[in-house]
Structure formats: structure tokens, C-alpha cells
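Each chain, letter by letter, is given below.
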Amino acid sequence: MIKLEITPPASQRHAFTHLGFRPFFLAASLYALVGILLWTALYSFNWQGLHSAYPSITWHAHEMVFGYAAAVAAGFLLTAIKNWTGQQTLSGTPLLLLAGLWLAARVLPFTGLPLVWTAVLDVLWLTGLLVAAALPIIRAKQWNQAAIVGKVGLLLLANALFYLGLLGIWAQGMQLGLYAGFYVIVALILTMGRRVIPFFIERGVSCPFTAQNHSWIDRASLILFLLFMLADLLAMASGHRGAAWAAALLALVQVPLHILRLWGWYHPNIWQKPLLWVLYLAYGWLIAGFALKFLSVAARISPFLAVHAFAYGGIATLTVGMMARVTLGHTGRNVAEPPSLVSLIFGLLLIGTLVRVVAAGLFPQFYALWILMAQFIWIVAFALFVWLYAPMLIKPRVDGRYG
């Protein structure tokens, strides 16, 4: 029996709700800007606008994972799943409602309302994302995509666990949920990076090139990361030094594994293409995160250096590179000719990572200054990104097609 897929008619008036990348990339980039402005006010200037029962450093960590990174993931998945399955993903009013749930959960901690309302809406939005991602895959019976949906489910569970801690129901829930969510985002980035980075490099270096991928690296990296995550969460839950060393060693063995993977993707022409080198260097910061995680146990350096190598250098820089490319491609623009300012945006984020990780690690006596500098660089980078890309995300495709 042949199924006929009906593509919604192109509409020039409501392009903003055609595909998930539009509202969620805009929301993520705006929130990266506004969220760090709020964090700067809370951390560097002692502003007291956050709910009194919500520690500001915990809010910052949570929102970078479940606010910013999860919004980028939503935009990417709701767009990519349509390409993978041929099924229309969430659009129109339902898409706006999902984005509205996300937004409400971001605003509520500053209203003074009970935090249980924030918890309910934040869990609801991720539940909605899980359903929206799963249904097209189920309809298309593409069971090989189940692992991607499974990561969204794990993100939902981690967020629920976090709120059990924040609401005082289970004390350890806050830390375990936060780090579980953080590692799920890293895992999602590694999975999607493996899918798209070599693909983009092959098509972007302007000459015949086949990126090298080894199935044994794919399998080993998946298993080792899962074991690393479980060991690190166990170390947090139990305080056992053996579990901490296990996590550290599992992090260390992933360093040469991912270096080998990255080497297999290398072509010298990537340095001529900002949309390629940004993904390559951001993946390199993820590798640095594993190395710093090992050193946090073996050499007793600050564990937050590894966290920010993963987060600032890896997740943030790579997601900005992905948003920059996906937005161009899905609005009918030429991905080979990005706006000239993207190199500055990417460069700022990489410099900000050096400040937050390297300078803060080497010269801790100026820690407050490094934090303020890293915040300022981040704000400038995302302000430029919003200025460049918000019009593309809001306006219809330049070729008049649906999307």
C-alpha cells in the first residue's frame, strides 16, 4: 500500500512556524544572550532578582543545559527528523505552543512564583519535545533513529531528577540530574557530530575527499562514554574515590579515540571554510574536556575547567556553528557563502573558551576577572549572531519554498 505524504502548502506569511529550527534557534540564541546577561548580573554584580530558593550558580548551570542546549537540540531534531523520515514534524500553532512552554519555564524563576510551577512547565516542554520527535520516527518505522529519541527521553528524566532536588524531595537529585542532563547533551553532540561533521567536510572542501570513519571507533566511543557517565554519576552519588578514578580513566581513554576520529575527518581546505573549521575546533574542545576531566582527579585541578571546555568550547561553539549552517541551508541560502561576520563570532567563542578554561586555570588569582571577560565575550558573540540570523529565522525562505 502506497502512502501519500501531503506537504503543507508554502506560506509566505507564517514561515516562522514551518519548521522547528526557526523558533527554537531564535529562542536559543536570544536566551544565550539574555541568560548570560542575567548570569553576569547575578554573579558579578550580586543582583537579587532570582527566586530566593534557587541558587544562582545552579540556575546558570541548569539553564545552559536544559534552556539553551535543549532548545538548540529541539530546533535541530525537529528539522532533521523531517528530512530523515519524510514526515512533517511539529509546525504551526503546536510548534508555537511547545516553544511557549519552553519560554514560560525560563521566565518563571524570576517571578517569585513557587518553583513547582517552573518544574511542571519545564518537564512538560521536554515531554512535548519527546512526543514530537518520536511520532514521525514511529510513523516511518525508522527504528534506527530510536537512540536519538532515547537521548531526549534521558534528558527529560534528568530534568525531572534535577527538580526533585531543587524542590527538596531528594537532596542528591539536583546535582545528579544536572550532570546527567549535561552528559546527555554531550552524548547528543558527539552522536550528531559523528553524523554531520564528516558529511559537511566532504561536501565543503571543494575537492574530492572521503572522510575516514571506523565502526570500531563508533562502537567504542559509545560504550566508553556511557561507562564514563555512569562512573562519574556514581562518584557524585557515593563520594567514592574509586568511582572518581574510574570516571577519570574512562575519560582519558576517550582522548586518543576521538583524536583518531578527528584526524580521519581532516582536510587542509577546512581552514578556508568557517562553517567547517568551527565544527572541527569545537569537537577538539570536547576532547580537551575529557583530558581535563582526567586531570581534575589525577592532578586535582578544578573540575569546572573540564565542564567549561565541554560547555563553552564544545557545546556552545559547535551548536552556534550548526545553527549558522542549518539556518542558511534551510532558508534557501548558499552554505558556501556565509555572512563574513560568522568568522568573528566563531573566533570570539573560541577566545572566550581560552579565557574561561586556560586563563582561569593558569592564573586563578584573577578568577573573577576571567569570568567577567568570558561573559562579555559570550554576550558580544551571541549579540552578533542574533543580529545576523534573526531576520533569516523570521522571514520566509529566499527561494519561496516551504521551510
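The structure contained in this document is the topic of the report that follows. Not measured: the values here are computed from a predicted model.

**Points about the layout of surface pockets**
1) Next: The space that makes up the largest pocket amounts to roughly 790 Å³.
2) Next: Elements with a contribution of two residues or more to the lining of the largest pocket: α1 (21-43), α2 (56-85), α6 (173-204), α10 (303-330) and α12 (367-394).
3) Next: Considering each element in turn, the lining of the largest pocket owes the most residues, 8 residues, to α2.
4) Next: Looking at the lining of the largest pocket, its residues break down into 24 nonpolar, 5 polar and 1 charged.
5) Next: Each pocket or cavity is described by its volume, and for the second largest pocket that value is around 530 Å³.
6) Next: In terms of lining residues, the second largest pocket is bounded by 21 residues, among which A147, K151, A187, T191 and L222 are the most central.
7) Next: For the lining of the second largest pocket, the elements supplying multiple residues, two or more each, are α5 (146-166), α6, α7 (215-238) and α8 (241-264).
8) Next: In the lining of the second largest pocket, the residues fall into 10 nonpolar, 5 polar and 6 charged.

**A closer look at the packing of α1 against helix α3 (residues 92-107)**
1) Next: Viewed as axis vectors pointing N to C, α1 and α3 meet at an angle of 15°, and their least axial separation amounts to 10 Å. Judged on the interaxial angle alone, α3 and α1 are roughly parallel. Crossing hand, α1 versus α3: right-handed. On α3, the residues that touch P23, F24, A27 and Y31 of α1 are L95, L98, A99, W102 and R106.

**What to know about the nonpolar core**
Within soluble globular proteins, side chains that are nonpolar tend to cluster in buried spots.
1) Next: F24 and Y68 are the most contacted members of the largest nonpolar core, which totals 143 residues.
2) Next: Here the element with the most residues in this core is α6; it accounts for 18 residues.
3) Next: Ignoring sequence-local partners within four residues, the contact set of F24 consists of A71, A74, G75, L78, L95, L98, A99, W102 and W125.

**Focus on empty space enclosed by the protein**
1) Next: A full pass over the atoms with the stated rule returns 2 cavities of 30 Å³ or more.
2) Next: Estimates place the volume of the largest cavity at around 210 Å³.
3) Next: When residues of the lining of the largest cavity are traced back to their parent elements, those giving at least two are α2, α6 and α10.
4) Next: Examining the composition of the lining of the largest cavity, we find that 6 residues originate from one element, α6, more than from any other.
5) Next: In the lining of the largest cavity, the residues fall into 14 nonpolar, 2 polar and no charged.
6) Next: Around the second largest cavity sit A73, L129, K151, V152, L155, V184, I185 and L188, which together line it.

**Here we look at the pattern of salt bridges**
1) Next: All chains considered together, the criterion is met by 7 salt bridges.
2) Next: Here E63 and R106 are joined by a salt bridge, their closest N and O atoms 2.4 Å apart. Residue E63 is found in helix α2, and its partner R106 is found in helix α3; the two are separated by 43 residues along the sequence.
3) Next: With a closest N to O distance of 3.3 Å, R203 and E202 form a salt bridge.
4) Next: Exposure remark for R203: the relative accessible area of 54% places this residue in the exposed category.
5) Next: Within the structure, one salt-bridge network assembled from shared partners comprises E63, R106 and D122.

**Some words on the side chain of T17**
1) Next: Tracing the backbone shows T17 in the segment before α1.
2) Next: With residues up to four places along the chain from it excluded, the contact list for T17 reads S91, G92, L95 and L96.

**Details of the packing of α8 against helix α9 (residues 274-298)**
1) Next: Orientation of α8 relative to α9, taken along the N-to-C sense of each, is 155°, at an axis distance of 8 Å. By the angle between their axes, α8 is roughly antiparallel relative to α9. Where α8 crosses over α9, the two elements pack in a sense that is left-handed.
2) Next: Residues that form the contact of α8 with α9 fall into these classes: 18 nonpolar, 3 polar and 3 charged.

Cut-off values and rules
Residues numbered from 1 in each chain as written. Predicted model: local features only at pLDDT ≥ 70, side-chain atom pairs only at ≥ 80, totals over all residues. Heavy atoms only, no water. 1 Å grid on protein atoms, 1.4 Å probe; cavity = no way out; pocket = protein on both sides within 12 Å on 5 of 7 lines; lining within 4 Å. Points joined across faces, edges and corners; volume = space filled by probe spheres on them. Helix = DSSP H or I, 4+ residues; strand = E, 2+ residues; numbered from the N terminus. Nonpolar A, V, L, I, M, F, W, Y, C, P; charged D, E, K, R; others polar. Axes fitted to C-alpha atoms, helices over the stretch in contact; angles between N-to-C directions. Parallel < 35°, antiparallel > 145°, perpendicular 65-115°, else oblique. Left-handed = near helix turned anticlockwise from the far one by under 90°. Contact = heavy atoms within 4.5 Å. Core = buried A, V, L, I, M, F, W, Y, C linked by side-chain atoms within 4.5 Å. Buried < 20%, exposed > 50% of the residue type's maximum accessible area, 1.4 Å probe, protein only. Salt bridge = Lys/Arg side-chain N within 4 Å of Asp/Glu carboxyl O.

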